[in-house]
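Listed here are the chains, written in short residue letters.
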Amino acid sequence: MKLMETGVLYNPQSGKVSGKNVSKSSRQLKHMEGYYEDTEAFRSMDPETPVYEVLMHAQEEGNEGGLLFGTSYLFPGKVGNEYFMTKGHFHEIKNRAEYYWGIQGEGALVLMDEKGEAKVEKVTQGSLHYIPGHIAHRLVNTSDSMLVVGACWPSDAGHDYGTIEENGFSVRVKEEDGKPVVK
Ligand code: PAN
Ligand code: ZN
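Novice: Help me understand the coordination of the zinc ion (ligand 2), please; the structure alone is not making it clear to me.
Specialist: Under ideal tetrahedral coordination, the four donors around a metal are separated by 109.5 degrees; under ideal octahedral coordination, the six donors are separated by 90 or 180 degrees. Coordination of the zinc ion (ligand 2) by the protein comes from His89 (NE2), His91 (NE2), Glu98 (OE) and His137 (NE2), over a distance range of 2.1 to 2.3 Å. Geometry at the zinc ion (ligand 2) is octahedral, judged from its six donor atoms and the angles of 75 to 172 degrees they form at the metal. Donor residues binding the zinc ion (ligand 2) come from one chain and are separated in sequence as H-x1-H-x6-E-x38-H. There is no split in this pair, since His89 and Glu98 are both buried.

Structure, rendered in structure tokens:
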């Protein structure tokens, strides 16, 4: 029997996923209206400023029992003193869990339960993060270089952005005296 190529490549150093069934999505500041606390600073910035990109391998999107795999690239930057971050979400099917792992850079993973109780984990190269179901999650880049984070989650999890869009997270990660603080 001949060994088959999968047609998909993963570079563990850069997190790059390429080949078959790989797609890329990009978020600029213009997609993040209302997410940052300092609305004046937000308005003074170029709306085309890139905030993050996600490469995703989706062999079977939406299928119960399937898995999705992706790498998030979060640019360094701040809106006022609040670091660049992802929108953050609960999963649409609430009980769906997810793994994150640090590939490059330094950042924070903000986790919040449905009562608004938050916890923040430090993300570094090699750190592994288990995100249980019913927990909203957001990545924050606390460094001045790119934060690269891998993820694997159930195909049918879906993304509920609305809850965070309306209520936000109960904590924010900001820079104070050159260091990240959670407020
Ligand atoms: C990740 C996130 C990715 C982008 O793949 O989707 O980091 O963040 P937002 O989806 O909050 O914009 C994941 O958690 N998937 O479930
Ligand atoms: Zn998720």
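That covers the picture; the talk isn't over yet.
Novice: Explain the environment of Pro76 to me, please; I cannot follow it from the model alone.
Specialist: Checked against the element boundaries, Pro76 lands in the loop between β5 (67-74) and β6 (78-79). Among the residues examined, Pro76 registers a relative accessible area of 30% and is labelled partly exposed. C-alpha separation for the pair Pro76 and Leu9, spaced 67 residues apart in sequence, amounts to 26 Å. For Pro76, the residues in contact, after removing those within four places along its chain, are Phe84, Asn141, Ser143, Asp144, Ser145 and Met146.

Novice: Would you mind going over the packing of aromatic side chains with me for this structure?
Specialist: The way to describe two aromatic rings as a pair is by their centre distance and the angle between their planes. Taken as a whole and assessed by the stated rule, the structure comprises five aromatic pairs. Aromatic pair Tyr10 and Phe69: ring centres 5.2 Å apart, planes at 90 degrees, arrangement edge-to-face. Placement of the pair is Tyr10 in strand β1 (residues 8-10) and Phe69 in strand β5, with a sequence separation of 59 residues. Look at Phe69 and you get partly exposed, because its relative accessible area is 23%. Over the aromatic face of Tyr161 sits the side chain of Lys87, whose NZ or CZ is 5.7 Å from the ring centroid. One residue, Lys94, lies across the ring of Phe90, its end atom 4.6 Å from the ring centre.

Novice: Any chance you could explain a nonpolar patch on the surface here in plain terms?
Specialist: Side chains of Tyr99, Leu128 and Tyr130 sit close together on the surface and give an oily, nonpolar patch of about 350 Å² of accessible area. Mapped onto the elements, Tyr99 comes out in strand β8 (residues 98-104). Owing to a relative accessible area of 40%, Tyr99 belongs among the partly exposed residues under this scheme.

Novice: Is there a simple way to think about the pairing of strand β10 (residues 118-123) in this case?
Specialist: Within a regular strand, side chains alternate between the sheet's two faces. Bridging between strand β9 (residues 107-112) and β10 involves six bridges; their strand directions are antiparallel. Paired with Leu111 across the strands is Lys119, a residue of β10. Two successive antiparallel strands, β9 and β10, enclose a turn made up of five residues, where Gly116 displays a positive phi of approximately 95 degrees.

Novice: Is there a simple way to explain the pattern of salt bridges in this structure?
Specialist: If the charged atoms of two oppositely charged side chains come close together, the side chains can form a pair. Following the criterion strictly, the structure yields 10 salt bridges and no others. The residue Glu175 makes a salt bridge to Lys78 at a minimum N-O spacing of 2.7 Å. Here Glu175 is found in strand β14 (residues 173-176), whereas its partner Lys78 is found in strand β6, with 97 residues between them in sequence. What makes Glu175 partly exposed here is its relative accessible area of 26%. Look at Lys78 and you get partly exposed, because its relative accessible area is 33%. Among the ionic pairs, Glu114 bridges to Lys94, the shortest N-O distance being 4.0 Å. Here Glu114 is found in the loop between β9 and β10, whereas its partner Lys94 is found in the loop between β7 (82-83) and β8, with 20 residues between them in sequence. Since its relative accessible area comes to 48%, Glu114 is described here as partly exposed. Taking the relative accessible area as the measure of exposure, Lys94 reaches 29% and is therefore partly exposed.

Novice: Whenever I open this one, the site of ligand 1 confuses me. Can you help?
Specialist: Every one of the 14 residues lining ligand 1 counts as a neighbour, but Tyr52, Ser72, Gly88, Tyr100 and Tyr161 are closest to it. In this structure, an oxygen atom belonging to ligand 1 sits 3.0 Å away from a side-chain N or O atom of His89. The side chain of Tyr161 places a nitrogen or oxygen atom 2.5 Å from an oxygen atom of ligand 1. A total of 390 Å² of accessible area belongs to ligand 1 in isolation, and the protein chains cover 96% of it. Secondary structure elements with two or more residues in the shell around ligand 1: β4 (50-57) and β8. Here the residues of the shell around ligand 1 are counted per class, giving five nonpolar, seven polar and two charged.

Calculation criteria
Along each chain, residue indices are assigned from 1 in the same order as the chain's sequence is written. The naming scheme follows written order: chains are lettered A onward, ligands numbered 1 onward. Given that the model is predicted, a residue must reach a pLDDT of at least 70 before its local features are reported, and side-chain atom pairs must reach 80 or more before they are shown or counted; all residues, however, enter totals for whole chains, interfaces and linings. Note: side-chain values were computed over all heavy atoms of the structure, leaving out hydrogens and water. Each metal's donors are the N, O and S atoms within 2.8 Å of it, or within 3.2 Å when it is Na, K or Ca, and because water is not part of the set, sites may look incomplete. Irregular is the label for any site that misses the other tests, which are tetrahedral for four donors with all angles between 85 and 135 degrees, and square planar for four donors or octahedral for six when opposite donors exceed 155 degrees and the remaining angles lie between 65 and 115. Here's how the labels work: a residue is buried when its accessible area is under 20% of the maximum for its type, exposed when over 50%, partly exposed in between, all with a 1.4 Å probe on protein chains only. Numbered from the N terminus, helices here are DSSP runs of H or I no shorter than four residues, and strands are runs of E no shorter than two. The criterion used for residue contact is that any of the two residues' heavy atoms lie within 4.5 Å. Here the aromatic set is Phe, Tyr and Trp, taking the six-membered ring for Trp, and pairing holds for ring centres within 6.5 Å; pairs whose planes are under 30 degrees apart are stacked, those over 60 apart are edge-to-face, and all others are tilted. In this scheme, Lys NZ or Arg CZ marks a charge over a ring once it lies within 6 Å of the ring centre and within 35 degrees of the ring normal. Patches in this entry comprise residues that are over 30% relatively accessible and not in a salt bridge; like charges within 9 Å are linked, as are nonpolar side chains (Val, Leu, Ile, Met, Phe, Trp, Tyr) within 5 Å. To be clear on the numbers: accessible area is Shrake-Rupley with a 1.4 Å probe, and residue cover counts the displayed protein chains and nothing else. Each reported salt bridge corresponds to a side-chain nitrogen of Lys or Arg within 4 Å of a carboxyl oxygen of Asp or Glu. A pair of strands is treated as paired once DSSP finds two or more bridges between them. One heavy atom within 4 Å of a molecule or strand is enough for the residue carrying it to be called near that molecule or strand. Here a polar contact means two N or O atoms within 3.5 Å. Within protein one must be a hydrogen donor candidate and the other an acceptor candidate, and residues neighboring in sequence count only if both atoms are side-chain atoms. Polar here means any residue outside two lists: the nonpolar Ala, Val, Leu, Ile, Met, Phe, Trp, Tyr, Cys and Pro, and the charged Asp, Glu, Lys and Arg; Gly therefore counts as polar.

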